[in-house]
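# Analysis of the macromolecular model
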Amino acid sequence: MSTSHPDAVTFSDLSRNPRAVAERASQLGRLRVTHRDAPDFYLTAADREEQRDETLVTASRIFLALMKHDPGALNLLLAMPDVFPWVRHLSTEEVRAFTVELVEALSDAAELDLDISAHEVIAGWRATARIKADPQQYEDAIRPTTGDFGAVEVNP
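An account of the accompanying structure is given in this report. (Residues numbered from 1 in each chain as written. Predicted model: local features only at pLDDT ≥ 70, side-chain atom pairs only at ≥ 80, totals over all residues. Heavy atoms only, no water.)

Right, let's talk about helix α2 (residues 18-28) for a bit. Burial in α2 covers these residues: V21, R24 and A25. Viewed end-on, α2 has its buried residues packed into an arc of 100°, placing them on one side of the element. The outward face of α2, more than 90 degrees from its buried face, is lined by the exposed residues R19, S26 and Q27. Contacts made by the buried residues of α2 are with β1 (8-10), α1 (11-16), β2 (30-34) and β3 (41-44). (Buried < 20%, exposed > 50% of the residue type's maximum accessible area, 1.4 Å probe, protein only. Helix = DSSP H or I, 4+ residues; strand = E, 2+ residues; numbered from the N terminus. Arc of directions from axis to C-beta. Contact = heavy atoms within 4.5 Å.)

So, in structure tokens, the structure goes:
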């Protein structure tokens, strides 16, 4: 088997010798399969993936419970700058809104298999922080607009 790192095999390796690749994935727990013409993917044992899912669900439920029982969610709010240093450009209310949205998105990822939601929440708030970090961009962003800016293109 040819690989670029110890925890990866090529798609060709998988095609030529699936049994050996499956054994290696079983030993490692998770094995990256690289593909020249498509995104890489991971080969993993179902029980390991189920354990990862259970871990995510548990963590998500803990965060949701903290949000319910601590109206200020102070500990979560205090942790946000350590996890996302760019939140220093957001107001206290924006950090609170980001925290709530993120916990809800993590819950959706855990409970509904909607993994993209958390990424979108983080990307959106990071973009907001990026604009607020630049005084000129922020001034431009909050300036009132008028008129029609034309058709909006939506990429599916």
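Turning to the environment of A105, a few remarks are in order. Looking at where A105 falls in the secondary structure, it is placed in helix α5 (residues 92-112). You can call A105 buried: its relative accessible area is 4%. When the C-alpha positions of A105 and S60 are compared, they lie 9.1 Å apart, and in sequence the two are 45 residues distant.

The subject of this paragraph is a negative patch on the surface. Taken together, D47, E50, D53, D113 and D115 make up a surface patch of like negative charges. With respect to the helices, strands and loops of the structure, D115 is situated in the loop between α5 and α6 (116-133). (Patch = residues over 30% accessible without salt bridge, like charges linked within 9 Å, V, L, I, M, F, W, Y side chains within 5 Å. Areas by Shrake-Rupley, 256 points an atom, 1.4 Å probe, with all protein chains shown as cover. Salt bridge = Lys/Arg side-chain N within 4 Å of Asp/Glu carboxyl O. Lys, Arg positive; Asp, Glu negative; His and termini not counted. Charge placed at Lys NZ, Arg CZ, Asp CG, Glu CD.)

What follows covers the packing of aromatic side chains. Tallied over the full model, the rule gives five aromatic pairs. Ring centres of F84 and W86 lie 5.4 Å apart, and the angle between their planes is 55°; on these two criteria the pair is classed as tilted. Residue classification places F84 among the buried residues on the basis of a relative accessible area of 11%. Among the residues examined, W86 registers a relative accessible area of 15% and is labelled buried. An aromatic cluster is built from F84, W86, F98 and W125, whose rings are joined through pairwise contacts. (Phe/Tyr/Trp six-rings, centres within 6.5 Å; stacked < 30°, edge-to-face > 60°.)

Our focus in this paragraph is the environment of D148. Tracing the chain through its elements places D148 in the segment after α7 (135-142). Separated by 113 residues in the primary sequence, D148 and H35 place their C-alpha atoms 45 Å from one another. Within the local environment of D148, its side chain forms a polar contact with the backbone nitrogen of G150, the two atoms lying 2.8 Å apart. (Polar contact = N/O pair within 3.5 Å; in protein donor to acceptor, adjacent residues only side chain to side chain.)

Taking strand neighbours across the sheet as the criterion, the three strands line up as β1-β2-β3 in an open arrangement whose pairing is mixed. At either margin of the open sheet sits one strand with a lone partner, and together these are β1 and β3. Here the average twist between neighbouring strands, direction ignored, is 35°. Two elements, β2 and β3, share four bridges in a ladder whose sense is antiparallel. Along β3, the bridge assignment pairs R30 with T44. Running over the sheet, α2 touches β1, β2 and β3 and is turned about 135° from β2. (Pairing = 2+ DSSP bridges. Axes fitted to C-alpha atoms, helices over the stretch in contact; angles between N-to-C directions.)

With that settled, the discussion passes to the side chain of D13. Along the chain, D13 falls in helix α1. Only 2.9 Å separates the side chain of D13 from the side chain of R16, close enough to count as a polar contact.

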